[in-house]
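Listed below are the residues making up each chain.
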Amino acid sequence: MGVHPYWYEQPFESTTEATLKRLQQRVFDAGEFNPVIAIPKFPFPNGEANSHGFRTIEEVVEESAEEGTRSILDIECFSGHQAAGCTSIISAEMCEFLFGTMEPDAALVRDRLPVSEAWNELDRGECLHLIAKNRAGPKIVFFWGLSFD
């Protein structure tokens, strides 16, 4: 089917790991993943829970093993370097290049991420993230990546 980009934002929890888990639960609850939706739409809405028939995220990942979920559900770990199935924090150099600063605020990331060269830095199955300041409240973690298929 071809590779598909995805991106999300999630209020920062106590850790980046906790933030990722909360985001994955939100995506699971809403049913915004393959095979429920062949190609999920982004940016991801804060939708209502969807009755999709899966009991766990692990069940979804297993069912979608050939094509992937085309979502953040495919991300299983954090890594110090870019790797399939993992998320890694954006480098300071890449952040400066993409956003013109090493500490972008959430509004700047929302504005530039969908049209930036950030996608050129990824291979299939990889994900990057950054923590952005948010004038309106808690910090926001942005995750973006490319699907496996």
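Let us look at the structure shown here. (Residues numbered from 1 in each chain as written. Predicted model: local features only at pLDDT ≥ 70, side-chain atom pairs only at ≥ 80, totals over all residues. Heavy atoms only, no water.)

**Side note on the overall build of the protein**
Of the regular secondary structure elements, the protein holds four helices and five strands. Its helices and strands taken in sequence order, the protein reads β-α-α-β-β-α-α-β-β from the N to the C terminus. At 15 Å, the protein has a C-alpha radius of gyration in line with the 15 Å of a compact globule built from 149 residues. Principal-axis analysis of the C-alpha atoms places the extent of the protein at approximately 45 × 30 × 25 Å. A total of 149 residues make up the protein; the buried ones form 47% of that total. Partitioning the contacts of the protein with sequence separation of at least 6, the portion at a separation of at least 24 is 60%. (Helix = DSSP H or I, 4+ residues; strand = E, 2+ residues; numbered from the N terminus. Rg over C-alpha atoms; globule rule 2.2 N^0.38 Å. Buried < 20%, exposed > 50% of the residue type's maximum accessible area, 1.4 Å probe, protein only. Contact = heavy atoms within 4.5 Å.)

**Digging into unusual backbone geometry**
Here Asn34 and Pro35 are connected by a cis peptide whose omega angle stands at 20°. Topologically, Pro35 is positioned in the loop between helix H1 (16-30) and helix H2 (57-63).

**Looking at the state of the cysteines**
This structure, assessed with the given rule, holds one disulfide. Disulfide pairing places Cys77 opposite Cys86 at an S-S distance of 2.1 Å. The buried category is assigned to Cys86, whose relative accessible area is 9%. The cysteine Cys95 is free of any disulfide, with Cys127 supplying the nearest cysteine sulfur at 15 Å. With a relative accessible area of 4%, Cys95 lands in the buried category. Cys127 takes part in no disulfide bond, and the closest cysteine sulfur to it belongs to Cys86, at a distance of 9.6 Å. With a relative accessible area of 1%, Cys127 lands in the buried category. (Disulfide = S-S within 2.5 Å.)

**Let's talk about the side chain of Ser147**
When you line up the elements, Ser147 lands in the segment after strand E5 (140-146). Note on Ser147: relative accessible area 1%, which makes it buried. A distance of 2.7 Å separates a polar atom in the side chain of Ser147 from the backbone nitrogen of His4. (Polar contact = N/O pair within 3.5 Å; in protein donor to acceptor, adjacent residues only side chain to side chain.)

**Description of the pairing of strand E3 (residues 86-89)**
Relative to E3, strand E2 (residues 77-78) is paired through two bridges, and the arrangement is parallel. Each residue of the ladder has a partner; that of Cys77, found in E3, is Cys86. Strand direction decides the pairing type here: E3 and strand E4 (residues 127-132), joined by three bridges, are parallel. What sits directly across from Ser88, in E4, is Leu128. (Pairing = 2+ DSSP bridges.)

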